[in-house]
Amino acid sequence: MLDISGLFLVLSLGLLHGANDLSLIKKIKLNYSQKITSYTLVYLSLVLLVLGAFYFIPVIILVAFILISAYHFGEQHLQMNRKFTKPLFKFIYFTFGLSILIGLFFFNSASTSEIISDITNYSIPAYFYQYALFFALTLLMISFLLVLLRNELKLIFVLKKIFDLVLVFSVFYFSELLFGFAIYFVFWHTLPSLNDQIKFLYGENSKATWLTYLKKSLPIWLISILGLFLLYYLFGNDNLYLSIMFAFIAAVTFPHVIVIERMFEKYNSKNLNQ
Ligand SMILES: CC1=C(/C=C/C(C)=C/C=C/C(C)=C/C=C/C=C(C)/C=C/C=C(C)/C=C/C2=C(C)CCCC2(C)C)C(C)(C)CCC1
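Residues numbered from 1 in each chain as written. Predicted model: local features only at pLDDT ≥ 70, side-chain atom pairs only at ≥ 80, totals over all residues. Heavy atoms only, no water.

Named according to an unreviewed UniProt entry, the protein chain is Probable beta-carotene 15,15'-dioxygenase originating from Psychroflexus maritimus. Heading Subcellular location (unreviewed entry) of the UniProt record for the protein chain holds this comment: "Cell membrane". The annotation that UniProt attaches to the protein chain under Function (unreviewed entry) is "Catalyzes the cleavage of beta-carotene at its central double bond (15,15') to yield two molecules of all-trans-retinal." (UniProt positions renumbered as here; feature names shortened; annotations may be inferred.)

What follows is the structure, encoded as structure tokens:
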């Protein structure tokens, strides 16, 4: 039951938060109107390329997916301050997101290893997640300490984020893999991202702008769901549905992360110049 709710959350709101990427590209690139098809083609080609690469070099693509996702999750979760574009702050985004992801794997090591082995044929022992979590948290604490010593972040901000981390880990501790992932993905990532995207696209968050966003996303969302079903039909069976879903999410993640990174750059530079 919880697995089904998790799947529903990821495939509804979760998927939707990338379905308006073409509108974001349009806003980022002002001369977009002449190039609508080329941007769509590049986006789609990248998705297909990653899917294909998953088949031939699954380990490399999975590692790249985890590292890129770590940065993407940290960037959305922390959004510390518009001025924080320095490399050290980017590194904090990465270590924060990495700690979240490895925390999820650590508290659900058996199911995580099962999916990783379905995708790559490698089995990861449970103790690996323990070392990885220790490593990620150490990097995060060192980088937090560095910015505190340089007076570049307020202590209260750091404490709030550490509290967030404890809260997220408690959710992971008490839930199954898919449900825990879905809760984090939708409530800590997707909803704040939708807020930022809507503000970037339409200048404000209101019922009307949310409705416009949802209406505009619907066709691409439907195409994506159909694409996912097609993948499942071609390669899936009842035991592989989670692996296929994660492979699909990985494929759309690569172009999505680039679009969101550019959105924040544009948004922040606009606000800094004001
Ligand atoms: C526009 C467009 C489109 C669409 C798009 C979309 C719809 C997007 C979305 C996007 C999205 C929706 C994104 C997402 C993201 C996510 C993420 C970033 C995640 C991450 C995760 C991870 C990292 C995981 C991991 C794991 C686990 C958890 C368990 C087991 C194992 C593993 C490792 C797998 C198309 C193609 C149709 C066409 C063209 C145009």
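Structure's up, so let's keep going.
A count of helical and extended segments in the protein chain gives eleven helices and zero strands. Secondary structure of the protein chain in N-to-C order comes out as α-α-α-α-α-α-α-α-α-α-α. The globule rule puts the C-alpha radius of gyration for 274 residues at 19 Å, and the 19 Å found for the protein chain is close to it. Seen along its three principal axes, the alpha-carbon backbone of the protein chain occupies a region of about 50 × 50 × 35 Å. Counting over 274 residues, the protein chain shows a buried share of 47%. In the protein chain, once contacts between residues fewer than 6 apart in sequence are set aside, the share between residues at least 24 apart is 74%. Accessible surface for the protein chain amounts to roughly 14,700 Å². Of this, 70% is attributable to carbon and sulfur atoms. (Helix = DSSP H or I, 4+ residues; strand = E, 2+ residues; numbered from the N terminus. Rg over C-alpha atoms; globule rule 2.2 N^0.38 Å. Buried < 20%, exposed > 50% of the residue type's maximum accessible area, 1.4 Å probe, protein only. Contact = heavy atoms within 4.5 Å. Areas by Shrake-Rupley, 256 points an atom, 1.4 Å probe, with all protein chains shown as cover.)

All right, on to the side chain of T112 then. Mapped onto the fold, T112 is located in helix α6 (residues 109–120). For T112, a relative accessible area of 4% gives the class buried. In this structure T112 touches L104, F105, Y129 and L177, once residues within four positions along its chain are discounted.

All right, on to the environment of F169 then. Tracing the chain through its elements places F169 in helix α8 (residues 155–174). Sequence-wise, F169 and S99 are 70 residues apart; in three dimensions their C-alpha atoms are separated by 9.6 Å. Not counting residues up to four positions away in its chain, the partners in contact with F169 are S99, I100, G103, F107, L133 and L137.

Right, let's talk about the packing of aromatic side chains for a bit. Counted according to the given criterion, the structure contains 19 aromatic pairs. Taken together, a centroid distance of 6.2 Å and an interplanar angle of 55 degrees make the contact between F73 and F185 tilted. Of this pair, F73 sits in helix α4 (residues 58–78) while F185 sits in helix α9 (residues 177–202); the two residues are 112 residues apart in sequence, bridging distant segments of the chain. Arranged with centres 6.5 Å apart and planes meeting at 35 degrees, the rings of F169 and F172 form a pair that is tilted. Of this pair, F169 and F172 both sit in helix α8, three residues apart, roughly one helical turn. (Phe/Tyr/Trp six-rings, centres within 6.5 Å; stacked < 30°, edge-to-face > 60°.)

So, about the packing of helix α5 (residues 87–107) against helix α7 (residues 126–149). Where α5 meets α7, the axes come as close as 9 Å, and the angle between the chain directions of the two elements is 150 degrees. With respect to α7, the axis of α5 lies roughly antiparallel. Crossing angle aside, the handedness with which α5 passes α7 is left-handed. Residue-level contacts link L88, F89, F91, I92, T95, F96, L98, S99, I102, G103, F105 and F106 of α5 to Y129, Q130, A132, L133, A136, L137, L139, L140, S143, F144, L146 and V147 of α7. In terms of residue class, the contact of α5 with α7 is built from 19 nonpolar, five polar and no charged. (Axes fitted to C-alpha atoms, helices over the stretch in contact; angles between N-to-C directions. Parallel < 35°, antiparallel > 145°, perpendicular 65-115°, else oblique. Left-handed = near helix turned anticlockwise from the far one by under 90°. Nonpolar A, V, L, I, M, F, W, Y, C, P; charged D, E, K, R; others polar.)

Every one of the 27 residues lining the ligand counts as a neighbour, but G14, I220, S224, I249 and T253 are closest to it. Summarising the interface, the protein chains cover 97% of the accessible area of the ligand, which totals 960 Å² for the free molecule. Every element with two or more residues in the shell around the ligand is listed here: α1 (2–16), α3 (36–56), α4, α5, α6, α9, α10 (207–235) and α11 (241–272). Top element by residues in the shell around the ligand is α11. It accounts for five residues. Considered class by class, the residues forming the shell around the ligand number 20 nonpolar, seven polar and no charged. (Near = heavy atom within 4 Å.)

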